[in-house]
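# Descriptive analysis of the structure
Residues per chain, in single letters:
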Amino acid sequence: MATNGEENQSLRHQEVGHKSLLQTDALYQYILETSVYPREPESMKELREVTAKHPWNIMTTSADEGQFLNMLLKLINAKNTMEIGVYTGYSLLATALALPDDGKILAMDINRENFELGLPSIEKAGVAHKIDFREGPALPVLDQMIEDGKYHGSFDFIFVDADKDNYLNYHKRLIELVKVGGVIGYDNTLWNGSVVAPPDAPMRKYVRYYRDFVLELNKALAADPRIEICMLPVGDGITVCRRIS
């Protein structure tokens, strides 16, 4: 029979499940305290703490995922990148810090107010000049870029952490815009662990609503011959796609 302490630990783990699918909070905390926090730039720490006070903080990129993105961008020598879904900009800052001084990020979000919450930290880090922020839906911008023709295969890296019901719509366009050998990262592809939950399992309303869209995306990515994929249990799950044709 579970003790109160064990029950509390179990409940607490369910609450942070959107950020870690590891077996225990303690193991996740070990990763953060041993590997992530000691190396986290001061500007990212400041932005993470600002975001934690925001009522929608569940939307932020986790610190370990921010570290992963920063490393990945350096490994692939990314220079021209895109981010769809910015929120307060934690993953955006991780990207900007990884790019060379003349690197560029086309960043799109429907809410400028959230982005401006994180902007002071980005400016303090000295990387704001790398960011071209556009407020509004991303799909019309992507359609215009494809129509223009000159953007085909021009992006080294694209990160998507936005409306899950449009992920497949994004993918249909982004596969044209990322270069062969370039990378697209789709966030939240394990979706609170709900991807393996029975249909009648208790879920928050928003988790249940987007679950089928995430499942559909995962199936489509696995079957897409134009990409190689690797699904990682970092944060809420990130699927890294490398365009091969």
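Quick note: structure is the one above.
We now turn to the structure provided with this report. Because the structure is predicted, anything quoted here is derived from the model rather than measured.

## Focus on the nonpolar core
Of all hydrophobic cores here, the largest spans 31 residues; its most connected members are L92, I105, A107, F115, I122, I131 and F157. For this core, the leading source of residues is helix α5 (residues 90-98), giving six residues. If near-sequence neighbours (up to four positions away) are discounted, I131 is found in contact with L92, I105, A107, F115 and I122. Grouped together as the second largest cluster of nonpolar side chains are 24 residues, L106, L142, M145 and I227 included.

## So, the packing of helix α4 (residues 63-75) against α5
The geometry of α4 relative to α5 is characterised by a closest axis approach of 8 Å and an angle of 30° between their N-to-C directions. With respect to their mutual orientation, α4 and α5 come out roughly parallel. Viewed along their axes, α4 and α5 form a crossing whose handedness is right-handed. Residues A63, G66, L69, N70, L73 and K74 of α4 pack against Y90, S91, A94, T95, L97 and A98 of α5. Taken together, the residues that form the contact of α4 with α5 break down as seven nonpolar, four polar and one charged.

## Structural notes on the layout of surface pockets
The volume enclosed by the largest pocket comes to roughly 760 Å³. Contributions of two or more residues to the lining of the largest pocket are made by β1 (80-84), α5, β2 (104-109), α7 (138-148) and α9 (205-223). Per-class residue counts for the lining of the largest pocket are 17 nonpolar, 11 polar and eight charged.

## Some details on helix α6 (residues 112-124)
The end-to-end C-alpha separation of α6 is 18 Å, in line with the 18 Å expected for 13 residues at 1.5 Å each. Taken residue by residue, α6 has N114, F115, G118, S121 and I122 as its buried positions. The inward-facing, buried residues of α6 abut α3 (42-52), α5 and β3 (131-135). The backbone nitrogen of E113 lies 2.9 Å from a side-chain oxygen of the residue at the head of α6, namely N111.

## Some remarks on the pairing of β3
Pairing of β2 with β3, which is carried by five bridges, proceeds in the parallel orientation. Pairing of D109 across the sheet is with E135, part of β3. The parallel pair β2 and β3 is bridged by α6, and the resulting crossover is right-handed.

Criteria and cut-off values
Residues numbered from 1 in each chain as written. Predicted model: local features only at pLDDT ≥ 70, side-chain atom pairs only at ≥ 80, totals over all residues. Heavy atoms only, no water. Core = buried A, V, L, I, M, F, W, Y, C linked by side-chain atoms within 4.5 Å. Buried < 20%, exposed > 50% of the residue type's maximum accessible area, 1.4 Å probe, protein only. Helix = DSSP H or I, 4+ residues; strand = E, 2+ residues; numbered from the N terminus. Contact = heavy atoms within 4.5 Å. Axes fitted to C-alpha atoms, helices over the stretch in contact; angles between N-to-C directions. Parallel < 35°, antiparallel > 145°, perpendicular 65-115°, else oblique. Left-handed = near helix turned anticlockwise from the far one by under 90°. Nonpolar A, V, L, I, M, F, W, Y, C, P; charged D, E, K, R; others polar. 1 Å grid on protein atoms, 1.4 Å probe; cavity = no way out; pocket = protein on both sides within 12 Å on 5 of 7 lines; lining within 4 Å. Points joined across faces, edges and corners; volume = space filled by probe spheres on them. Expected span 1.5 Å × (residues − 1). Polar contact = N/O pair within 3.5 Å; in protein donor to acceptor, adjacent residues only side chain to side chain. Pairing = 2+ DSSP bridges. Right-handed = clockwise from strand over helix to strand, strands pointing away.

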